Amino acid sequence: QVKLVESGGGLVQAGGSLRLSCAASVGTFNRYTMGWFRQAPGKERDFVAISGCRGNTFYADSVKGRFTISRDNAENTVALQMNSLKPEDTAVYYCAADRRYFGSGPNEYDYWGQGTQVTVSS
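Residues numbered from 1 in each chain as written. Predicted model: local features only at pLDDT ≥ 70, side-chain atom pairs only at ≥ 80, totals over all residues. Heavy atoms only, no water.

**Q** So what's going on with the nonpolar core? Residues and values would help.
**A** With 34 residues, the main nonpolar core has Met34, Trp36, Leu80, Met82 and Tyr93 as its most contacted residues. Looking at this core, the elements with two or more residues in it are strand E3 (18-25), strand E4 (33-39), strand E5 (45-51), strand E7 (67-72), strand E8 (77-82), strand E9 (91-98) and strand E11 (116-121). With 5 residues, the top contributor of residues to this core is E9. (Core = buried A, V, L, I, M, F, W, Y, C linked by side-chain atoms within 4.5 Å. Buried < 20%, exposed > 50% of the residue type's maximum accessible area, 1.4 Å probe, protein only. Helix = DSSP H or I, 4+ residues; strand = E, 2+ residues; numbered from the N terminus.)

Shown next as structure tokens:
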């Protein structure tokens, strides 16, 4: 069983930055693809960024150039650095883990954190 715990959400003005972190309780963290997804009220859960077990990364077009995903396999953590935040980035952000795929679909992920709220004011 994998447990994921996110932290680092909060309220920030447009143009500001936040750093989210996800701590994973798993013995083979380096074998998991780690992803960040987000869900705004009344909307579906959307892909944000993923980090593969080989260090490869992939981003949604809406965050490319503004967000950076990084992982620390020694600490079992994955972070999402969010810069130049916009009001449309407001959502609950979720950390997810999967051993099978390097994918952007939420249905491909077996394990999820509880989410952390990010609110960007205009």
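**Q** Please provide a residue-by-residue account of unusual backbone geometry, values included.
**A** The phi torsion at Asn76 lies on the positive side, around 60°, for a residue other than glycine. Here Asn76 lies in the loop between E7 and E8. Although it is not a glycine, Ser84 adopts a positive phi angle of roughly 50°. The topology assignment puts Ser84 in the loop between E8 and E9. For Ser84, a relative accessible area of 41% gives the class partly exposed.

**Q** Could you give an account of the state of the cysteines, naming the residues involved and the relevant values?
**A** Under the defined criterion, the tally for this structure stands at 1 disulfide. The thiol of Cys53 is not disulfide-bonded; the next cysteine sulfur, from Cys95, is found 15 Å away. (Disulfide = S-S within 2.5 Å.)

**Q** Describe the environment of Asn73, listing the residues and the values that go with them.
**A** Assignment of secondary structure puts Asn73 in the loop between E7 and E8. When neighbours within four sequence positions are excluded, Asn73 is seen to be in contact with Phe29 and Asn30. Reaching out from Asn73, the side chain makes a polar contact with the side chain of Arg71 at a distance of 2.9 Å. (Contact = heavy atoms within 4.5 Å. Polar contact = N/O pair within 3.5 Å; in protein donor to acceptor, adjacent residues only side chain to side chain.)

**Q** Can you explain the sheet that holds E3? Please cite residues and give values.
**A** One open sheet holds the 4 strands; their spatial order is E1-E3-E8-E7, and the pairing between them is antiparallel. For this open sheet the edge positions go to strand E1 (3-7) and E7, each flanked by a neighbour on one side alone. Here the average twist between neighbouring strands, direction ignored, is 15°. In this sheet, E3 lies alongside E1 in antiparallel orientation, the contact comprising 5 bridges. Each bridged residue has a counterpart across the sheet, and for Val5 the counterpart in E3 is Ala23. (Pairing = 2+ DSSP bridges. Axes fitted to C-alpha atoms, helices over the stretch in contact; angles between N-to-C directions.)

**Q** Any chance you could break down the side chain of Asp89 for me, citing the residues and the numbers?
**A** Here Asp89 is to be found in the loop between E8 and E9. Since its relative accessible area comes to 1%, Asp89 is described here as buried. Ignoring any residue separated from it by four or fewer positions in sequence, one finds Asp89 in contact with Arg38, Arg66, Phe67, Ser84, Val118 and Val120.

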